[in-house]
Every structure is written in C-alpha cells, then in structure tokens.
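Analysis of the macromolecular model
Listed below, chain by chain, are the residues.
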2 protein chains.
Amino acid sequence: MTEHAVVLVSGGMDSATAAAEAASRDYDLHFLHTSYGQETAGKEYECARDLADHYDARFFHAETDHLARIGGSSLVGDGTVEDADSAGGGENDDTTEDGDAVPSTYVPFRNANLLSMAVSYAEANDCSAVFIGAHTGDFQGYPDCRPAFFDAFQTVVDEGTAQETTISIEAPFASGSKTAIVERGLELDVPFEKTWSCYRSEEPACGTCDACVYRLRAFEEAAATDPIEYAE
Amino acid sequence: MTEHAVVLVSGGMDSATAAAEAASRDYDLHFLHTSYGQETAGKEYECARDLADHYDARFFHAETDHLARIGGSSLVGDGTVEDADSAGGGENDDTTEDGDAVPSTYVPFRNANLLSMAVSYAEANDCSAVFIGAHTGDFQGYPDCRPAFFDAFQTVVDEGTAQETTISIEAPFASGSKTAIVERGLELDVPFEKTWSCYRSEEPACGTCDACVYRLRAFEEAAATDPIEYAE
C-alpha cells in the first residue's frame, strides 16, 4: 500500500526540494500551503499550485490570520524587510546563545504552527509522514529550524496523536546548507523556475533581501544558474 | 515587574478556571480565543469576551479555517455530535493503548495548534507563561490532553523560541478531574455562569452531549449547582 506524506510547501526552493525528496521515497503527496499574511502570499501561492501540478499532489490551502496579527516580524504586518547587508541590526533582532542574530524576518515559533497544522491534516487523512524543507544553513538565528527542535516536535507528535497513529517528522535538510539543497534539487530535477524565495517584491525577485542573497549564493556555490528573474 | 501570561480561553469552565488560576498567581492576563469552525463558536466567543471583561484581560481573537476543513471530528464540519451514552461507538472513534476510546469529538492534534498560536503570541508580546485548562479526567481518549504531551510541548518551546525567551507551559489541571476543576473554580470565585461547555446547541445547553454530561456530573460530585440553564 502506498504511504501518504504531507509536505509543507511554501512555494520556495527549500520546500520544493523537500517535495522532490518525498516523491523520491515513493510517497503519495499532499501539499499543505499556508497563507498567514506574508507579503508575498500571492506569488508563493501560485508557485505552490504549480509545484502541486508538477508533482501530481493533492493541494490543501490553509488561511490563518493570527501570525500576521500577533506581530513580531517584518515578514508580516507593517514591518520593513531589510537588505541582507543590514541584517542583524534591526530593532526586532535578538541574539542567541551562540551569538547568531535572530533576523527581524523571524516569525515567532512559526514552524511549530505549520507543523501542527500538518500533523492535524496527516492524522485526519492517514498520512504517515510530514516533510518540511527548513534548514539552519543560512538562518542560524531561527530557533525553530534546528534539528533539536524537530526532534522535540517528533516527541510531541508521538505523545499527542492517537496511539495507533505513526507520523514521522521529516526535515531532510535540517542540518545542511542551502547549497546542499540546490545540489540535491538538481539531482532530483526540481523545477526551480516554479519556486519563489524573495521576501519583498512580487516580481521580479529583488535580489537584495536575505532570501534572495542566500538563494543566489547557494546556486553560485553549487555552480548552477538560478532560473528565476531578478531585478536589475 | 509584573509578568504576563497568555491563557487559552475557549469560553468553557476549564479554561475559565485556568484564567482564575493564572490571575491568582498575579499574572497580567492576555486571553487568546480561537474560532476554528466549532459548532458553538458564537456562544463560546461571547463567553470568552465576558470572561476577559471579568478578569480585566487583553483579548486576542484568532480565526483559522484549517482545523474545520481538515476534518476528522464531529465538532467541526458536518459531523453529528453524539449523546454521551453512545460515545465510543462513533465511526470516527479509535482505541488507544490503554483501551480508552478516542471520542468522535476529537479534533486531531488540536491542542498543539492552540499552544503553538499561544507561544507565538507569547514570544511576540513578552509573556512568560501559557495557561491551558485541558485535563484528562473525563476525556481519557484525547491524547493531546495528557501530562506527557504538555511535558513534550515544553521541550519544543524551549528548543523553538529564541534563547533568551522563557515561556512556561502551564496545564494546572492536566492530571486532575473535572470535579477538581469545579472545586478549584469555586475557591477562586470563577463566574461559571459566564462559561459554556455544550458541544451542540447554542442556548440553552442540551444537557445530553458528552460535554454537558461531564460538566453536570462534576458539579454534582463537587456538591455544587451549575448556574447555567439546561434544556428541559
């Protein structure tokens, strides 16, 4: 019997590669895309839909307003997204134990919200795995992207779902770099032209925000060309 | 400096007593009430607002559609809520390791969704605790009401929030009975007339669904009178 997996698909290159990873393990795919008030919601939704078509995945679109209204991030609400070279200096920034700045684009505890939605969906729809493309490579300051967070969340899933339910949290890139994701994505023929990473503009990508800079650097380090269009 | 606490307030007697517990510990209160498609959303919202006035709490109302649309429960969507005497026999019911039935009113992994929202709010608003009134006394089949679940969630919070953030998950009734909640609530002068538990009708309470039966039994065992009105 084919196993089913939920993939948290933002529409970005990391989650697209997570989807490819799940497909390579022969899961039937269910994409869960969440609009939570991020600035680029329209473009991300479009990419997530295109990726669902590409991977022949069922598509579930969750809309929730609480993350935007809670505040605490420049990705949602009225914050201004900074250029990468000023990251770490924003007024919302904090410093973690090992000195990494939590970027102002950090949405507090976002991945716990997204994983909880995905696990609810998985339990109701007999899916045995939840894939998330998060990684710590570039955004060391995001505490909910670290392997220790995903390990802890697995325990919550084991304790908080019905006894006969087994749902595995799969964060295949958690310990890796964005460059490694590009390399893995190229191996798996991920349609990177259907993905979106820019935090700021709708189209073309700005090329200067954190997300663009890290994406472009990852492609460069992988000796590959990013197929999407950038401003200037 | 006064510490702040988020209380997950559904409008029911358990969460009202959790609010009273937090108030008794001298926290400034922030109520987080979530509409997720439950049948009684209007009445619950009204009670939650009344309780916020009573406890002089800030009020945050989150609306999310995903739990209703994911399905898997008779509390949301088009399911029919059963009478208490037929509980355990519904088609959505499952059996846990220790033989307790998971009632068909179980919303998969609901408390993880609610706690994640509350922790996001807490981190963005410098609250140091999150209170939840869940307990295993009557609904032994709800896996996300057990002490082991809350302990595991505490670890997720510690791992998934910024290093300098300390947010304590407080589930003061997790190991107790509903009768113990009534007794504690009476000690703390909880305005039980401003709370709502019935799964089914808008007003008066049906008196026959799981939630009504357990509530009435708890008041009876505490030798107290439930001040709300019941049908017939």
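In this text the structure is predicted, and so the values were computed from the model without any measurement.

How each quantity is defined
Residues numbered from 1 in each chain as written. Chains lettered and ligands numbered in written order. Predicted model: local features only at pLDDT ≥ 70, side-chain atom pairs only at ≥ 80, totals over all residues. Heavy atoms only, no water. Helix = DSSP H or I, 4+ residues; strand = E, 2+ residues; numbered from the N terminus. Expected span 1.5 Å × (residues − 1). Buried < 20%, exposed > 50% of the residue type's maximum accessible area, 1.4 Å probe, protein only. Least-squares fit on C-alpha atoms with pLDDT ≥ 70 in both. Contact = heavy atoms within 4.5 Å. Buried area = accessible area lost by both parts, 1.4 Å probe. Salt bridge = Lys/Arg side-chain N within 4 Å of Asp/Glu carboxyl O. Polar contact = N/O pair within 3.5 Å; in protein donor to acceptor, adjacent residues only side chain to side chain. Phe/Tyr/Trp six-rings, centres within 6.5 Å; stacked < 30°, edge-to-face > 60°. Pairing = 2+ DSSP bridges. Axes fitted to C-alpha atoms, helices over the stretch in contact; angles between N-to-C directions. Parallel < 35°, antiparallel > 145°, perpendicular 65-115°, else oblique. Left-handed = near helix turned anticlockwise from the far one by under 90°. pLDDT = per-residue confidence, 0-100.

Here's the deal with helix α1 (residues 13-24) of chain B
Because an α-helix packs 3.6 residues into every turn, residues spaced three or four apart end up facing the same way. All names here are of chain B. Between its terminal C-alpha atoms α1 stretches 16 Å, which fits the 16 Å expected from 12 residues at 1.5 Å a residue. Of all 12 residues in α1, 10 are buried, a share of seventy percent or more. Looking at α1, one finds that the buried residues are M13, D14, S15, A16, T17, A18, A19, A20, E21 and A22.

Re the relation of the copies chain A and chain B
In screw terms, the move from chain A to chain B is a rotation of 180° and a rise of 0.0 Å along the axis, fitting with an RMSD of 0.0 Å. Classification of the inter-copy transformation places it as that of a two-fold axis. Residues of chain A ranked by C-alpha distance from the rotation axis are headed by T64 of chain A, positioned 2.3 Å from it. Of the interface residues in chain A, 98% have counterparts in chain B that sit at the interface too, so the contact is made through matching surfaces.

Examining helix α4 (residues 110-124) of chain A
Spanning 15 residues, α4 of chain A covers 22 Å between terminal C-alpha atoms, matching the ideal 21 Å at 1.5 Å per step. By the criterion of burial, α4 of chain A is predominantly enclosed, with 13 of the 15 residues buried.

Focus on the interface of chain A and chain B
Across the contact, 46 residues belong to chain A and 45 residues belong to chain B. With both chains or domains summed, chain A and chain B bury close to 3,600 Å², and 61% of this area falls on carbon and sulfur atoms. Summed over the shared surface of chain A and chain B, the number is 0 salt bridges. There are 14 residue pairs in polar contact (both at pLDDT 80 or more) connecting chain A and chain B. Residue assignment for the side of chain A that touches chain B shows that the elements contributing at least two residues are β3 (58-63), α3 (66-70), β4 (94-95), α4 and α5 (147-160) of chain A.

A look at unusual backbone geometry
Excluding glycine, most residues fall at negative phi; most peptide bonds, likewise, are trans. Residues other than glycine seldom take positive phi values, yet F109 of chain A does so here, at roughly 60°. When you line up the elements, F109 of chain A lands in the loop between β5 (101-102) and α4.

Describing the packing of aromatic side chains
Residue and element names in this part refer to chain B. Evaluated as defined, the whole model comprises 18 aromatic pairs over all chains. Ring geometry for F31 versus Y55: centroids 6.5 Å apart, planes at 55°, classification tilted. Here the residue F31 occupies a position in strand β2 (residues 28-35), and Y55 occupies one in the loop between α2 (41-54) and β3 (58-63), the gap between them amounting to 24 residues. Here F31 falls in the buried class, since its relative accessible area comes to 1%. Between F149 and F150, the ring centres sit 5.3 Å apart and the planes meet at 70°, which makes this aromatic pair edge-to-face.

Observations concerning the environment of T155 of chain A
Turning to its location among the elements, T155 of chain A is positioned in helix α5. Spatially, the C-alpha atoms of T155 of chain A and S168 of chain A are 9.9 Å apart, while their sequence positions differ by 13 residues.

Details of the sheet that holds strand β2 (residues 28-35) of chain A
Strand pairing in a sheet relies on backbone hydrogen bonds, with the paired strands running either antiparallel or parallel. All names here are of chain A. On the basis of which strands lie adjacent, the open sheet formed by 5 strands has the order β3-β2-β1-β6-β7 and parallel pairing. Bordering the open sheet on either side are β3 and β7 (168-170), each of which pairs with just one other strand. Between one strand and the next, the sheet's axes are offset by a mean angle of 25°, whatever the strand orientation. Where strand β1 (residues 4-8) meets strand β6 (residues 129-131), 3 bridges bridge the pair, whose relative direction is parallel. Within β6, the residue paired with V7 across the bridge is F131.

A look at the packing of α5 of chain A against helix α5 (residues 147-160) of chain B
Interhelical geometry of α5 of chain A versus α5 of chain B gives an angle of 165° and a closest axis separation of 8 Å. Classified by the interaxial angle, the pair formed by α5 of chain A and α5 of chain B is roughly antiparallel. Pair α5 of chain A / α5 of chain B crosses with left-handed handedness. Contacts between α5 of chain A and α5 of chain B involve A148, F149, A152, F153, T155, V156, E159 and G160 of chain A from the first element and A148, F149, A152, F153, T155, V156, E159 and G160 of chain B from the second.

Comments concerning the confidence of the model for chain A
Caution applies to low-pLDDT regions: their predicted coordinates should not be interpreted in detail. All names here are of chain A. Confidence in the prediction of chain A, expressed as mean pLDDT, is 85, and 80% of residues score 70 or more. Low confidence marks residues 86-100, where pLDDT is under 50. Its contacts with residues over four positions away, or in another chain, come to 24 contacts. Prediction confidence for the complex, expressed as pTM and ipTM, is 0.87 and 0.86 respectively.

Section: the pattern of salt bridges
In this structure the tally under the stated criterion is 16 salt bridges over all chains. E170 of chain A serves as the salt-bridge partner of R25 of chain A, at 3.3 Å between the closest nitrogen and oxygen. Pair noted here: R25 of chain A is in the loop between α1 (13-24) and β2 and E170 of chain A is in strand β7, with a separation of 145 residues, a long-range link. R25 of chain A sits in the partly exposed class, given a relative accessible area of 38%. Between R25 of chain B and E21 of chain B there is a salt bridge, and its shortest N-O distance comes to 3.6 Å. The class of E21 of chain B is buried, set by a relative accessible area of 8%. Connected via shared salt-bridge partners are E21, R25, E170, R184 and E187 of chain A.

As for the sheet that holds β3 of chain B
All names here are of chain B. Judged by pairing direction, the sheet is parallel, and its 5 strands sit side by side in the order β3-β2-β1-β6-β7 without closing on themselves. For this open sheet the edge positions go to β3 and β7 (168-170), each flanked by a neighbour on one side alone. On average, each strand axis in the sheet is tilted by 25° relative to the strand beside it, whichever way the strands run.

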